[in-house]
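Coordinate inspection notes
What follows is each chain in one-letter form.
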Amino acid sequence: MLDVTPKEISERSALRINPLKTCQPVGAMYAALGVHNCMPHSHGSQGCCSYHRMFLTRHFKDPAIAASSSFTEGASVFGGGSNLKTAIKNIFELYEPDIIAVHTTCLSETIGDDLVTYITDAKIPEGKIVVHANTPSYVGSHITGFSSMITGLIHYLSVNTGEKNGKLALFPGFVNPGDMREMKKLMTLMGVTYTMLPDTSGVMDSPMTGEYTMYPKGGTTIDDIKDLGNCELSLALGEITSTPPAESLKTKCKVPFATLPLPIGIELTDQYIMALNRFSKNEVPYIIEEERGQLVDILLDSHKYSQNKTVAIYGDPDTVLALAQFTLEMGMIPKYLVTGTPGKTFEAKANDLFEKFGVEGCTAKGNADLFELHQWIKNDSVDLMIGGTHGKYVAKAEDIPLVRAGFPIVDRYVHSYLPLVGYKGAMRLAEMILNALMDRQDRDCADEDMEMIM
């Protein structure tokens, strides 16, 4: 396994080992799948599209549909304009989507394909739509691509007609369908009318009906995306991921926006609920207060098992920051926080979090990788790891319990159907964290110290 990872840490500027990210088109494809009757389209080689589809399908255990421009040597040299125009024609004829969302790849970006011109020159059937986003894989991460595709949809479609629709525009961040369902549940309970973009609930968690449907019932409709420009306010959840599309909507359609962290845990969910309260002017219903009270009760009852336990958290930046705050609310110490997405914002927000809770000896790093996290752990271990599947090799090598949360999780089932956000999501997280710590205690204790009631 990874037993031979050295303790000695060398600064690396050009090399990443086990990177904590994947490429932009994966995020762009996921965002496009959150649009109703949309066919994501990868403008590049067929292998790129296959990889990106595989990455999403393995995480969600649901098919991620997408088409490809299928570059060959000729397109790589002379440009992919002909390939894209032919693809647009074939996709509308064969698969009958309402909209095609094109994203670029390393290859098409490197040769400089002009997608605006290609799409303008393409023969698009009446009533059909083609949009695009530039998503070179050698810049940013899947988080960047996710934001870019949402921004592209706003750029092409959203309009301000001058008549407000009374709705809240919600940008949910890079989260699972289960999280989106929980966000929508809380908005409904608060009496908020909304449009969520993207919305993969009902798409990447669609039910088994016995019949294959290329375009499931879920997803944000084209009309709703157009109407985003008439919203009263947009709320960007996950500041690093969702701020760019919120800014784009403000620039184009003059819709003001507010940003919040992902609503994971007590305080961050409180912030989300109070933002909905200010928007709707409605009282918080008892069912939400009850869920919050249950969560507080759980943390009070179990604090002796989580207090001062150290944890390493890795994954997408907004998810890691929100998970870190929740572990702090549980009395834990988030000793190491790492993300593969480049940018200094992550480190600044993590350090603010450490200062707010008065914890010392904690480290946060953006544009990092699992190899470096493993080296930190070898030098000074932790009680628990939280993150996606790729960290399980480190967890096995160092004999550390692992709680799977975030993206990608490719070796377990059901996770994408259930939330991490909201009070209910925090209850689920608390259960997973406490079970991992208590299972470890049971496993390691002497026979005479085994407790029936813990």
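The present account deals with the structure reproduced in this document.

Reading the values: rules and limits
Residues numbered from 1 in each chain as written. Predicted model: local features only at pLDDT ≥ 70, side-chain atom pairs only at ≥ 80, totals over all residues. Heavy atoms only, no water. Helix = DSSP H or I, 4+ residues; strand = E, 2+ residues; numbered from the N terminus. Rg over C-alpha atoms; globule rule 2.2 N^0.38 Å. Buried < 20%, exposed > 50% of the residue type's maximum accessible area, 1.4 Å probe, protein only. Contact = heavy atoms within 4.5 Å. Lys, Arg positive; Asp, Glu negative; His and termini not counted. Charge placed at Lys NZ, Arg CZ, Asp CG, Glu CD. Pairing = 2+ DSSP bridges. Axes fitted to C-alpha atoms, helices over the stretch in contact; angles between N-to-C directions.

Describing the overall build of the chain
- The helix and strand inventory of the chain stands at 17 helices and 13 strands.
- Its C-alpha atoms give the chain a radius of gyration of 23 Å, near enough to 22 Å, the size a compact globule of 454 residues would have.
- Of all 454 residues assigned to the chain, the portion counted as buried reaches 55%.
- For the chain, contacts bridging at least 24 residues in sequence account for 75% of all contacts bridging at least 6.
- In the chain, 40 side chains carry a positive charge and 55 a negative one; their mean positions are 4 Å apart.

Some thoughts on the sheet that holds strand β5 (residues 168-171)
- The four strands are arranged β6-β5-β7-β8 in an open sheet whose pairing can be described as parallel. The open sheet has two edge strands with one neighbour each: β6 (194-196) and β8 (257-260). In this sheet, adjacent strand axes meet at a mean angle of 20° when their direction is disregarded.
- As paired elements, strand β7 (residues 233-237) and β8 share four bridges and run parallel to each other. Its bridge partner lying in β8, A236 is registered against T259.
- Docked against the sheet, helix α8 (residues 177-189) engages β5, β6 and β7, running at close to 175° with respect to β6.

Some remarks on the environment of G112
- Inspection of the secondary structure puts G112 in the loop between α5 (106-111) and α6 (115-121).
- The exposed category is assigned to G112, whose relative accessible area is 53%.
- Between the alpha carbons of G112 and G80 there is a distance of 9.6 Å; along the sequence they are 32 residues apart.

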